[in-house]
Amino acid sequence: MRKTGYKTFRRGGIHPPYHKELSSGKAITRAPVPSRLMVPLRQHIGAPNKPLVSPGDRVTVGQKIGDADAFVSAPVHSPVAGRVEVIEDVKSFSGETVTSIIIAADAEQPPFEEQKIKPLDELSAEEIREIAGEAGLVGMGGAAFPTRVKLSPPEDKPIESVIINGCECEPFLTCDHRLMIERTDELVQALGLMIRAVGADGGVIGVESNKMDAALKLRAAVSDQPNLDVEVLEVKYPEGAEKQLIFAITGREVPPGKLPSEVGCLVQNVGTAIALYEAASAGKPLYERVVTVTGPGVKEPGNLIAKVGTPISTLIEACGGFLGETAKVIIGGPMTGWAQEDLDAPVVKGTSGVVALTPELIDVREEEACVRCAKCVEACPMYLMPNSIVEAVQHGDWEKAELWGALDCFECGCCTFTCPAYIPHVEYVRKAKAEIATLKG
Amino acid sequence: MANNKLLTTVAPHLHEKGQTIERAMRDVLLALAPAVVVAIVVYGMNVVYIIAVSMITAGLSEVVMRKILRRKVTLSDLSAMVTGLIFAFLLPPTTPLWVVAIGAFLAVGVAKELFGGLGKNVFNPALLARVALMISPLALYTTKFVEPFYWKSVGFFTPVATSIDNAVAGRVVYKSLVGNTVNTVTSATPLSLLKSGRLLVDTVAGPTPVGATWVTDAGRPSFWSTFLGFKSGCIGEVCILALLIGAAYLVYRRTIDWRIPAGIIGAFFAIMLITWNHPIYQLFGGGLFLGAFFMATDWVTSPMTRRGKWIYAVGIGVFIALIRLLGPLPEGVAIAILQWNVLTLLIDRYIAKPKFGEVKKPWFNRLPVFPKRKAAEGET
């Protein structure tokens, strides 16, 4: 293992090519508002929302247009002022069809009207949770788990520290990096809010050492607060995975199948924290986010604030269009993101990036037989044996796939990245997860 | 916007640069090159003929068997070439070429392809073929060794093959390609000297510079000749230094895991030290280094977890020591590795490593990982 002196998780992990320089120096700018937005009613993990508007209705910026009664859910809000055209199924970034509200945006967009609720210092824990819920906050690192639920840990598992995930270990993506630099103080205030919401003792912001500028700025910002800290971490993928990050910072391992609250931690993404700040200070719901549009296939990579529902083709056009021969367009990062057939999928709350890859970065080959080289075993940050899961899946033995830890896999892709036989482990694991879920009913 | 053909494969969308099976196999071929060079110096061009026949037969066997078995021909992954080269390394330098060809076919055609092809074979193909020859009627041709630099009296380029004297039944002679008996005699390997008790004096590391005699005053090979390669033996095991150079390259490239050779050599040497059985000779005299670095580390036939690797490696080391100390064979590396090849599947299945976040228990408490399977499924 390379020794850098920075904290990291113990075993496994890889060093992919990062290419962050393409967009890490680009200040956040606003993407144009498209004339037609597709706002999916389900952008989170949990119960789907029911539409609160009907075709023909007028909507304003930030108006709630979809909600559900379930606790594990997050409402959606209109990103623009305009008119609801129709409610129909739209293909999402992952290929599923999701019922979406199609909004025709007005040509003139009024700015969002800020509402002063209360000074931040006076908000109670319950109020902060309520704000997070009403604003439709979800984890913006990609998993999109409702933030209100995360901020309500079980009574018997007190949270000691809130960890802000500023690792951004996915190659290419720089949206969190830019947020940490440009909105440092707001991030620190948001951390304070989260600490209050869960009654934690303190907070830590974990930043990989390839974002030293952000780490130093954050360090200066927290220097007068004794219960806050900034931890610089080794550059290694997947440093920003929830369990790996907790282990790197605290040395505690979250047991299989358990949540971070088991070891007294709560992890929140940088983007989520900023959104919480905006919701608490100005009443602004989550209807836009920073998206990194980058890759060697994009003319002018950048970090854009995009409204939820914006088709990615609009973002790519805003970045000057494609450059040369683009062979793959990914929503999310290149390690865990979704390759797109076309450019119609809309931006959702969990969309952190749009990456256009050119052929020289793509190495797709036919899968060969496993040679048991154990490179996947060495690379797995969950200490699993990915090729054994694959073997069980190939034999259709779901029971064994589960015993080998198919459900513990969080699909970081380290195994496939390093596999000399080009076995798509992640694909097999997803199959196993689906089958095991069906078997368990 | 031109987006006529976008690729839509599943994540991850990046792959480690140059991480392919071919690269690993090329690494092994490269790592074995120094040993080939020394073998040519010590045993003449005969070595080249044997390696060429072995590698060509291995490649042909793979193509033919995969065609017959209707599998995709994967000659380009170079695995057959590696098996061919390693098999040649296990042979005496005067093995008749037709025996080489039979053995190379056994290695690739039978031990690898009939077992299911690369990745599915239970045994190290080269080793299985070597042991098959050893216990076959062709054993004689693969167990007689010549002196180092025997080619000085025969000619560097002259092909020489072990043969049987027609006049005296059972007597081994060496013949050239055209059938002339050549002036070469069978010589004992350091380990067979040890086994037969002809090595009476303990090892003294006498300096033997290149070009000087390879035998010390006491009539046995010196430490330096066993280390540098001026001794009788198989083609590949002759020069420990050359093997170590290649092995260092493989460890550096992470093609092989250092734990396996470390475990084997460590366990073996420890036992030899404790029993004080000529530890230095035992270490350098035979195929220990070739086996530990290049055969026991075979991806397919060694365990995948670190813990499993240690168990496997120490097991091989102990078995080699037991065979050499108590068994009838002077060598034992091949047999020990094959025995543990069988156990590899069990090790990988039952010596599980704890998952991330699992409560740490001592490893023996975790056995077995899998619950007993229902009888109905168990027998299928």
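A brief structural summary. Because the structure is predicted, anything quoted here is derived from the model rather than measured.

## Focus: the sheet that holds strand 15 (residues 328–331) of chain A
Residues and elements named next belong to chain A. The sheet built from 6 strands is open, its strands ordered 1-14-13-17-15-16 with mixed pairing. The open sheet has two edge strands with one neighbour each: strand 1 (28–30) and strand 16 (338–339). As judged from the 3 bridges shared by strand 1 and strand 14 (residues 302–307), these two strands associate in the parallel manner. Within strand 14, the residue paired with Arg30 across the bridge is Ile305. Along the sheet, helix 3 (residues 175–182) makes contact with strand 1, strand 13 (288–294), strand 14 and strand 17 (353–357), crossing strand 13 at roughly 120°.

## Remarks on the sheet that holds strand 11 (residues 228–233) of chain A
All names here are of chain A. Taken in spatial order, the 4 strands make up an open sheet running 11-10-9-12, and their pairing is parallel. Unpaired on one side and paired on the other, strand 11 and strand 12 (265–269) mark the two borders of the sheet. Pairs of neighbouring strands in the sheet enclose a mean axial angle of 25°, with direction left out of account. Summarising the sheet, strand 9 (residues 161–166) and strand 10 (residues 202–208) pair through 6 bridges and their orientation is parallel. When the sheet's bridge partners are listed, Ile164 is paired in strand 10 with Ile205.

## Describing unusual backbone geometry
Here A:Tyr237 and A:Pro238 are connected by a cis peptide whose omega angle stands at 0°. Structurally, A:Pro238 can be placed in the loop between strand 11 and helix 6 (242–250). The step from B:Ala11 to B:Pro12 runs through a cis peptide bond, and the omega angle for that step is -5°. Position of B:Pro12 among the secondary structure elements: in the segment before helix 1 (21–43). With a phi angle near 55°, B:Arg70 is a residue other than glycine that sits in the positive phi range. Assignment of secondary structure puts B:Arg70 in the loop between helix 2 (46–68) and helix 3 (79–89).

## Some points on the interface of chain B and chain A
Listed by partner, the interface residues are 34 residues for chain B and 55 residues for chain A. Class assignment for the residues of the side of chain B that touches chain A results in 18 nonpolar, 11 polar and 5 charged.

## Looking at helix 13 (residues 425–440) of chain A
Residue and element names in this part refer to chain A. Taking 1.5 Å of rise per residue, the 16 residues of helix 13 would be expected to cover 22 Å, and the 22 Å separating its terminal C-alpha atoms lies within 8% of that figure. Every buried residue belonging to helix 13 is among His425, Val426, Tyr428, Val429 and Ala432, and all of these are buried. Summarising the axial view, the buried residues of helix 13 lie within an arc of 155°, below the 170-degree limit, and thus occupy one face. Exposed residues pointing more than 90 degrees away from the buried face of helix 13 are listed as Ala434, Ala437 and Thr438. Contacts made by the buried residues of helix 13 are with helix 9 (375–379), helix 10 (386–394), helix 11 (398–403) and helix 12 (414–418). Following helix 13 by one or two positions, Gly441 adopts a phi angle in the positive range, close to 80°.

Parameters and conventions
Residues numbered from 1 in each chain as written. Chains lettered and ligands numbered in written order. Predicted model: local features only at pLDDT ≥ 70, side-chain atom pairs only at ≥ 80, totals over all residues. Pairing = 2+ DSSP bridges. Helix = DSSP H or I, 4+ residues; strand = E, 2+ residues; numbered from the N terminus. Contact = placed C-beta atoms within 7 Å. Axes fitted to C-alpha atoms, helices over the stretch in contact; angles between N-to-C directions. Nonpolar A, V, L, I, M, F, W, Y, C, P; charged D, E, K, R; others polar. Expected span 1.5 Å × (residues − 1). Buried ≥ 20, exposed ≤ 12 C-beta atoms within 10 Å, placed from the backbone. Arc of directions from axis to C-beta.

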